[in-house]
Amino acid sequence: MRAHELVYEKPFQELLGQVDNETTILMGHTRWRTRGNEFNNRNNHPIRAGIVIGTHNGTIYNADYLFRRLGLPRYAEVDSELIFRLADRFAPEGPIDQEGLKKALALCRGQMSAVLASRLDPGTITVLKGNKPLCLRIHRQHRVVLYASDDAFIDFAVDNEKGWRELEVPPMTMLTIRHEDVRAIENSEFRFIPQERKGTIPEGVNA
């Protein structure tokens, strides 16, 4: 069903009622479908790939090629799964090896902003701010970081509550947020091959 209907369903309300101080991440996503039928729930976000879950805004144009080249298992039809399969490959013991993930992401071509976590290391959240919109805000008293593709969604959710501050994140930045102290955010640069539309020449590539 559509997201605006889902939030009024009893199971959704019951799920929210289970949230407590040990909850480290809540993920939701409404897809603008580019690949993969939404009636196959494997294609819907959060995408699950091994021990990694995540949401992705964008399209990876060379996903099919990289799945084959790197010998990655495939569960769904969507290109987004590639990002989380790469993260899963670099999380053999639970925590994601971020340097290894960065090297793998450099092979990707297209558009990307994403949020992901290992289910065996749920207190560590990885945020990839690439070339697609991703807005983040932090509330130090609540010890919470919110993310969305548009500020308007966060504005609606917080409903003018005081204390929220925007996190300004430049493109091509990887953030690491840890549950024990969401204020101590680590950031570093990551790279991939930006390409706005399929069939166009990627940025930085000579014709």
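Above: the structure in question.
Rules used in this analysis
Residues numbered from 1 in each chain as written. Predicted model: local features only at pLDDT ≥ 70, side-chain atom pairs only at ≥ 80, totals over all residues. Heavy atoms only, no water. Helix = DSSP H or I, 4+ residues; strand = E, 2+ residues; numbered from the N terminus. Buried < 20%, exposed > 50% of the residue type's maximum accessible area, 1.4 Å probe, protein only. Contact = heavy atoms within 4.5 Å. Areas by Shrake-Rupley, 256 points an atom, 1.4 Å probe, with all protein chains shown as cover. Pairing = 2+ DSSP bridges. Axes fitted to C-alpha atoms, helices over the stretch in contact; angles between N-to-C directions. Phe/Tyr/Trp six-rings, centres within 6.5 Å; stacked < 30°, edge-to-face > 60°. Patch = residues over 30% accessible without salt bridge, like charges linked within 9 Å, V, L, I, M, F, W, Y side chains within 5 Å. Salt bridge = Lys/Arg side-chain N within 4 Å of Asp/Glu carboxyl O. Core = buried A, V, L, I, M, F, W, Y, C linked by side-chain atoms within 4.5 Å. Polar contact = N/O pair within 3.5 Å; in protein donor to acceptor, adjacent residues only side chain to side chain.

Caption draft 1: View of the overall build of the chain. Per the secondary structure count, the chain includes six helices and 11 strands. The buried share of the chain, taken over its 207 residues, is 39%. Expressed as a percentage of contacts within the chain between residues at least 6 apart in sequence, the contacts between residues at least 24 apart total 57%. For the chain, the exposed area adds up to about 12500 Å²; of that, 49% sits on carbon and sulfur atoms.

Caption draft 2: Here's a closer look at the sheet that holds strand β1 (residues 47-49). With antiparallel pairing, six strands are arranged side by side in an open sheet as β1-β2-β4-β5-β9-β10. Each having just a single partner strand, β1 and β10 (181-189) make up the two edges of the open sheet. Strand-to-strand twist of the sheet, defined as the mean angle between neighbouring strand axes without regard to direction, takes the value 20°. In this structure, strand β9 (residues 173-178) lies alongside β10, joined through five bridges in antiparallel fashion.

Caption draft 3: Up close: the packing of aromatic side chains. Following the criterion strictly, the structure yields one aromatic pair and no others. Seen from their ring centres, phenylalanine 190 and phenylalanine 192 are 5.9 Å apart, and the 25° between their planes marks the pair as stacked. The buried category is assigned to phenylalanine 190, whose relative accessible area is 2%.

Caption draft 4: Here's a closer look at a nonpolar patch on the surface. A contiguous nonpolar surface patch, about 250 Å² in accessible area, is contributed by Leu16, Val19 and Leu26. Mapped onto the elements, valine 19 comes out in the loop between α2 (10-17) and β1. According to the relative accessible area criterion, valine 19 is partly exposed, its value standing at 37%.

Caption draft 5: Structural detail: the side chain of asparagine 62. With respect to the helices and strands, the residue asparagine 62 is situated in the loop between β2 (52-57) and α3 (63-70). Judged by its relative accessible area of 9%, asparagine 62 is buried. Residue contacts for asparagine 62: discarding those within four places in its chain leaves Leu107, Cys108 and Arg109.

Caption draft 6: Local environment of the nonpolar core. Grouped together as the largest cluster of nonpolar side chains are 30 residues, with contacts concentrated most on Leu82, Leu105, Cys108, Met112, Leu116 and Leu128. Per-element tally for this core: the top contributor is helix α4 (residues 81-89), with five residues. When neighbours within four sequence positions are excluded, leucine 116 is seen to be in contact with Met27, Val52, Ile53, Gly54, Phe84, Ala87, Ile96, Leu101, Thr124, Ile125, Thr126 and Leu128. Formed by 13 residues, the second largest nonpolar core is a distinct cluster that contains Met27, Ile125, Val127 and Val182.

Caption draft 7: Spatial organisation of the side chain of histidine 56. Tracing the sequence through the fold places histidine 56 in strand β2. Relative accessible area serves as the criterion here: at 3%, histidine 56 is assigned to the buried category. A polar contact of 3.2 Å, which involves the side chain of histidine 56, links it to the backbone oxygen of glutamine 111.

Caption draft 8: Inspection of unusual backbone geometry at higher detail. Phi angles above zero are rare outside glycine, and aspartate 159 is one such case at about 50°. Structurally, the position occupied by aspartate 159 is in the loop between α6 (151-158) and β8 (164-167). A relative accessible area of 59% means that aspartate 159 is categorised as exposed. The backbone of asparagine 160 shows a phi angle near 65°, a positive value even though the residue is not glycine. Here asparagine 160 lies in the loop between α6 and β8.

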